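# Breakdown of the fold
Here is how the chains run, residue by residue.
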Amino acid sequence: HWLERSARQWPERPALVLGHDVELNYRAFGQATAALAGALRGRFGVAPGERVVILSANCPEMLLALYAIWHCGAVAVPINAKLHPNEARFILEDCGARLVCVSPEWGEALSQLEGFAMPTLAMGNEAWRSALQAAPIPIETRECDDLAWLFYTSGTTGRPKGAMLTHGNLIAMTLNYFADVDQVSENDAILHAAPVSHGSGLYNFAHLLKGAAQVFPVSRGFNADEVIELLQVHRGVTMFAAPTMVKRLVAYAERSRPDCTNLKTIVYGGGPMYVEDCKEAMRVFGCRLAQIYGQGESPMTITAMDKALHADSGHPRYEQRLASVGLPYTGIEVRVAGADDASLPPGEIGEV
């Protein structure tokens, strides 16, 4: 119901933006979502609880598909667009997808897989445009314990596994963002330069809930020069970035000396940030860094280090703090255990 709420509260605010251009405001975003949900139900037979896959590089249509899936009560399965087609096929078959919403290039890739016959809806083609004109349906209300998102892990020790995230999980994650990471206003924007299928996509909620703009780079991914250029256009910009992305952004800004006034927050995570790299980023961008630590099974909700902790350079253990992953989120218990699974005292090294 969050999109419906924002569409009522901020109907004229930009919602989905491609580069400089507003594609849909919040009223139109809500209307298009209800129509697409009607097409998913009426034309493709998607029933509540069934899985619908989203497979695309970053684009505004991904969020249209995501919210239409929930509008009709189904379960979203966003897949990393950087996977090999055979890896994507494993996830498609493992989750038992009813339908696949794909970008045109992924539609072509799937059509070339031998024996693959799953129904697909290609974003941007005639069928997609027709679906956006379908009769809208009311929201299919779900409960907090109902499945919302199948989040497939990276599969570093075997096949990817679908972590089951409920609507309650996503609500808690979003409220934790406000409590422990950052605040958002309707005049802000989130720049989706990292994949919407996981890292950046999980931050859409906090920004949608506050009526902020969801900005997609025209390149559909991360380019340091494009990010800096978009900072000249959009205000109050937050972006999620892996540490390697932050380092590339710093290097570009060092060379070009751009105006970064509109940069509000860089939330980084997904891997360790070296202390010197963190300090260099703050020297270039100011106190605009916040860190999160999570995993597919507990998305962005284990620990966080907000901008105030990054800025507290007078603390006697400042560098050790920068090398850490911050403090447990509000309402989260973190335990560090040894090899025998017994809890360790403060100062000892073990596993979370």
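None of the values given here were measured: they were computed from a predicted structure. (Residues numbered from 1 in each chain as written. Predicted model: local features only at pLDDT ≥ 70, side-chain atom pairs only at ≥ 80, totals over all residues. Heavy atoms only, no water.)

## Remarks on the packing of helix 2 (residues 26–42) against helix 3 (residues 60–71)
- Contact pair helix 2 / helix 3: the axes reach a minimum separation of 8 Å and the direction vectors enclose 60°. Judged by the inter-axis angle, helix 2 sits oblique to helix 3. Classified by chirality, the crossing of helix 3 by helix 2 is right-handed. Residue-level inspection shows F29, A32, T33, A34, L36, A37 and L40 of helix 2 in contact with helix 3, the latter providing L63, L64, A65, Y67, A68, I69 and H71.
- Here the contact of helix 2 with helix 3 is built from residues that sort into 12 nonpolar, two polar and no charged. (Axes fitted to C-alpha atoms, helices over the stretch in contact; angles between N-to-C directions. Helix = DSSP H or I, 4+ residues; strand = E, 2+ residues; numbered from the N terminus. Parallel < 35°, antiparallel > 145°, perpendicular 65-115°, else oblique. Left-handed = near helix turned anticlockwise from the far one by under 90°. Contact = heavy atoms within 4.5 Å. Nonpolar A, V, L, I, M, F, W, Y, C, P; charged D, E, K, R; others polar.)

## A closer look at empty space enclosed by the protein
- According to the stated counting rule, one finds two cavities of 30 Å³ or more in the structure shown.
- Reported here for the largest cavity is a volume of approximately 60 Å³.
- In terms of lining residues, the largest cavity is bounded by M173, T174, N176, Y177, L202, Y203, F205, A206, M300 and Y329.
- Of all the elements in the fold, those that place two or more residues in the lining of the largest cavity are helix 7 (167–180) and helix 8 (204–209).
- Among the elements that take part in the lining of the largest cavity, helix 7 stands out by supplying four residues, more than any other.
- Forming the boundary of the second largest cavity are I54, M62, L66, P78, W149 and V196. (1 Å grid on protein atoms, 1.4 Å probe; cavity = no way out; pocket = protein on both sides within 12 Å on 5 of 7 lines; lining within 4 Å. Points joined across faces, edges and corners; volume = space filled by probe spheres on them.)

## Thoughts on helix 3
- The terminal C-alpha atoms of helix 3, which comprises 12 residues, lie 17 Å apart, in line with the 16 Å expected from a rise of 1.5 Å per residue.
- For helix 3, a buried count of 11 out of 12 residues is recorded, marking the element as mostly surrounded by other parts of the structure. (Expected span 1.5 Å × (residues − 1). Buried < 20%, exposed > 50% of the residue type's maximum accessible area, 1.4 Å probe, protein only.)

## So, the packing of aromatic side chains
- Inspection of the entire model under this criterion finds 10 aromatic pairs.
- Ring geometry for Y67 against W70: centres 5.4 Å apart, planes inclined by 85°, an arrangement best described as edge-to-face. Of this pair, Y67 and W70 both sit in helix 3, separated by three residues, roughly a single helical turn.
- A relative accessible area of 10% places W70 in the buried class.
- Centroid distance Y177 to Y203: 5.5 Å. Interplanar angle 65°. Geometry classified as edge-to-face. In this pair, Y177 sits in helix 7 while Y203 sits in the loop between strand 9 (189–191) and helix 8, placing the two residues 26 residues apart along the sequence.
- Site record: aromatic cluster; members linked through ring pairs are Y26, F29, Y67, W70, W149, F151 and F205.
- We note R159 situated over the ring of F90; from NZ or CZ to the ring centre the distance is 4.5 Å.
- Above the face of the F178 ring, K210 is positioned so that its terminal group lies 5.4 Å from the ring centre. (Phe/Tyr/Trp six-rings, centres within 6.5 Å; stacked < 30°, edge-to-face > 60°. Lys NZ or Arg CZ within 6 Å of the ring centre and 35° of its normal.)

## Topic: the sheet that holds strand 9
- Ordered by their spatial adjacency, nine strands build an open sheet running 2-1-10-9-11-12-13-14-15, and the pairing between neighbours is mixed. The sheet is open, and its two borders are formed by strand 2 (21–25) and strand 15 (327–328), each paired with just one other strand.
- As paired strands, strand 1 (residues 14–18) and strand 2 are joined by four bridges and run antiparallel to one another. The residue bridging L18 from the neighbouring strand is D21, located in strand 2.
- Contacts from helix 7 reach strand 11 (237–241), strand 12 (263–268) and strand 14 (298–305) within the one sheet, and its direction differs from that of strand 14 by about 10°. (Pairing = 2+ DSSP bridges.)

The values reported here are purely geometric and, on their own, carry no functional implication.
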